[in-house]
Amino acid sequence: DTGVSQDPRHKITKRGQNVTFRCDPISEHNRLYWYRQTLGQGPEFLTYFQNEAQLEKSRLLSDRFSAERPKGSFSTLEIQRTEQGDSAMYLCASSVQAYEQYFGPGTRLTVT
Amino acid sequence: DAKTTQPTSMDCAEGRAANLPCNHSTISGNEYVYWYRQIHSQGPQYIIHGLKNNETNEMASLIITEDRKSSTLILPHATLRDTAVYYCIVSNRRGDDKIIFGKGTRLHILP
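Here the structure is a predicted model, which is why all the values come from computation and not from measurement.

What counts and how
- Residues numbered from 1 in each chain as written.
- Chains lettered and ligands numbered in written order.
- Predicted model: local features only at pLDDT ≥ 70, side-chain atom pairs only at ≥ 80, totals over all residues.
- Heavy atoms only, no water.
- Pairing = 2+ DSSP bridges.
- Helix = DSSP H or I, 4+ residues; strand = E, 2+ residues; numbered from the N terminus.
- Axes fitted to C-alpha atoms, helices over the stretch in contact; angles between N-to-C directions.
- Salt bridge = Lys/Arg side-chain N within 4 Å of Asp/Glu carboxyl O.
- Buried < 20%, exposed > 50% of the residue type's maximum accessible area, 1.4 Å probe, protein only.

K.L.:
Explain the sheet that holds strand E8 (residues 84-91) of chain B residue by residue, including any values.
P.N.:
All names here are of chain B. Strand order in the open sheet made by the 5 strands is E1-E9-E8-E3-E4, with mixed pairing throughout. Bordering the open sheet on either side are strand E1 (9-13) and strand E4 (45-50), each of which pairs with just one other strand. Pairwise comparison of adjacent strand axes, ignoring direction, gives a mean angle of 25° for this sheet. Note: strand E3 (residues 32-38) against E4, 5 bridges, orientation antiparallel. Bridged to Tyr-34 within E4 is His-49.

Written out as structure tokens, the structure is:
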């Protein structure tokens, strides 16, 4: 059973650099979600896709953030010109037409 | 979506039942109650959901009051591996839409 996978698991970058994260959902899951989680808080929704279409974006997703899901399979989340406030855990989840979302282990980003 | 209120933290002895309460007094008729948990350094994990009736699965039981204004998640025989943050969420969606998480309850299982 291959669950949701995310790469890399950890990323340390300097302020101003661009970073890209990848999420591979569970096969056949048509919905894919990105969330962000800071220390002591619950995850916050960023955006989601149904197949390759990006259906909703949170106001948290500034112009420096872009997400794609070409061909409706894996997804990438890019952050341009990173800021220290971007330091967080970035979580990906996928679902099929069901009640539960399956989360990956997350990518922990540290901006120095 | 309706707002939920959960205690910040709880302790439970290993082997005992852990009962986690959640208040959702503004829940509307078409909103479901969901529970997820997040073990340290992992992504959240779905536990259970319900609308009106009590529900049970291999992980837990969900008891929803008759007026649906509160619910309790029950872990029947808590183990150390159940130490986690537990999130109670209400949503009128089917669950495959975005999840609005609160701060949850930090459950400590004591040996």
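K.L.:
Residue-level account of the pattern of salt bridges, with values.
P.N.:
All told, the structure shown has 5 salt bridges over all chains when counted by the stated rule. Arg64(A) is the partner of Glu83(A) in a salt bridge, and the nearest nitrogen-oxygen pair spans 3.4 Å. Here the residue Glu83(A) occupies a position in the loop between strand E8 (75-79) and strand E9 (88-95), and Arg64(A) occupies one in the loop between strand E6 (53-57) and strand E7 (65-68), the gap between them amounting to 19 residues. Arg64(A) sits in the buried class, given a relative accessible area of 12%. Note that Arg37(B) is salt-bridged to Asp82(B), the shortest N-O span being 2.8 Å. Remark: Asp82(B) occurs in the loop between strand E7 (70-75) and E8 and Arg37(B) occurs in strand E3; sequence separation between them is 45 residues. Beyond isolated ion pairs, a larger network of salt bridges with shared partners links Arg64(A), Glu83(A) and Asp86(A).

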